[in-house]
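The primary structure of each chain is shown beneath.
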Amino acid sequence: MNVKKLEQLYEGKAKKVFATDNPEYYIVDYKDDATAFNGLKKGTITGKGVINNKMSNIMFALLEKHGVKTHFVEQLSDRETLVKAVKIVPLEIIVRNVAAGSFSKRYGVEEGRELKNPTLEFSLKNDELNDPLINDYHILALGIVNEKELAEIKTLAFKVNDVMREFFAGLGVKLIDFKIEAGKLPDGTIVLADEISPDTCRFWDAKTNEKLDKDRFRRDLGGVEEAYQEIFSRINAK
Ligand code: UDP
């Protein structure tokens, strides 16, 4: 599609969003900047922007094939992608298969414990408040989405989990947990937005449990670039 990149609308921690000459489309531009702990830890992961852009697009295309609606339109360059203009629903939608991270801390469960069923939780996207957990009643009470939209978001989240879990199992990778975001098209349709990458998912090697995601950066484990590359290589080898 032929669109012109116009002014920057927004700069987030990992991406910039630009307007285009068509109001129905935005261009996202992925950076190498990495942050953790709500911006307290900052760094650069060389090549991350390119990997996250390409990997997200592969995941969105796969999900579309399985009937999940997404904001993805087409990749424009190594770091740039054309997406449908959406209004982001200010929720972090977190699905977990295995206990890790804040779930393990909050409930005193060892990392790596297989959960009896996939779980879903929401956080309010608000850096000033430190993205607090928020429940269904609160979401509806605040009018963030309505009941029908909330049900759609839950269905979407578990569908994404089913598709991704199977896909990564085929690459010898366990999908521990992930965060997604939903967006609303002008006609109100809810679609999957933002990104799906090692920044937003936990991936463990199925045999060794080696971490192949942003926890290597968060926890100073070393081999950060290599982990992103490893996941990306396995996806490409398929
Ligand atoms: N996550 C994310 N952005 C956030 C918080 C979490 O992408 O602002 C992802 C994270 O990479 C992990 C999952 O959501 O795959 C669950 O994260 P958790 O709640 O355990 O938080 P963390 O331990 O990262 O603080």
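Residues numbered from 1 in each chain as written. Predicted model: local features only at pLDDT ≥ 70, side-chain atom pairs only at ≥ 80, totals over all residues. Heavy atoms only, no water.

Participant: Explain the packing of aromatic side chains here, please?
Facilitator: Two numbers describe a pair of aromatic rings. These are the distance of the centres and the angle of the planes. Applying the stated criterion across every chain yields a total of three aromatic pairs. Judged by centre distance (5.1 Å) and plane angle (85 degrees), the ring pair of F167 and F168 falls under edge-to-face. There is no split in this pair, since F167 and F168 are both buried. An angle of 40 degrees between the planes, with centres 4.5 Å apart, marks the rings of F168 and F203 as tilted. Taken together, the positions of F168 in helix α4 (residues 147-169) and F203 in strand β14 (residues 201-205) put the pair 35 residues apart, joining distant regions of the chain. By relative accessible area, which is 0% here, F168 ends up buried. F203 gets classed as buried once you look at its relative accessible area, which sits at 0%. (Phe/Tyr/Trp six-rings, centres within 6.5 Å; stacked < 30°, edge-to-face > 60°. Buried < 20%, exposed > 50% of the residue type's maximum accessible area, 1.4 Å probe, protein only. Helix = DSSP H or I, 4+ residues; strand = E, 2+ residues; numbered from the N terminus.)

Participant: When you look at the sheet that holds strand β7 (residues 80-84) in this model, what are you seeing that I'm missing?
Facilitator: Adjacent strands of a sheet pair through backbone hydrogen bonds, lying either parallel or antiparallel. Taken in spatial order, the five strands of this open sheet run β1-β2-β3-β7-β6, and their pairing is antiparallel. Whereas interior strands pair on both sides, the edge strands pair on one side only; in this sheet they are β1 (5-11) and β6 (72-75). For this sheet, the mean angle separating the axes of adjacent strands, direction not counted, is 30 degrees. In this structure, β1 lies alongside strand β2 (residues 15-20), joined through four bridges in antiparallel fashion. The partner of Q8 across the bridge, within β2, is F18. Helix-sheet contacts for helix α1 (residues 48-65) involve β3 (25-30), β6 and β7, and the interaxial angle to β6 is about 130 degrees. (Pairing = 2+ DSSP bridges. Axes fitted to C-alpha atoms, helices over the stretch in contact; angles between N-to-C directions. Contact = heavy atoms within 4.5 Å.)

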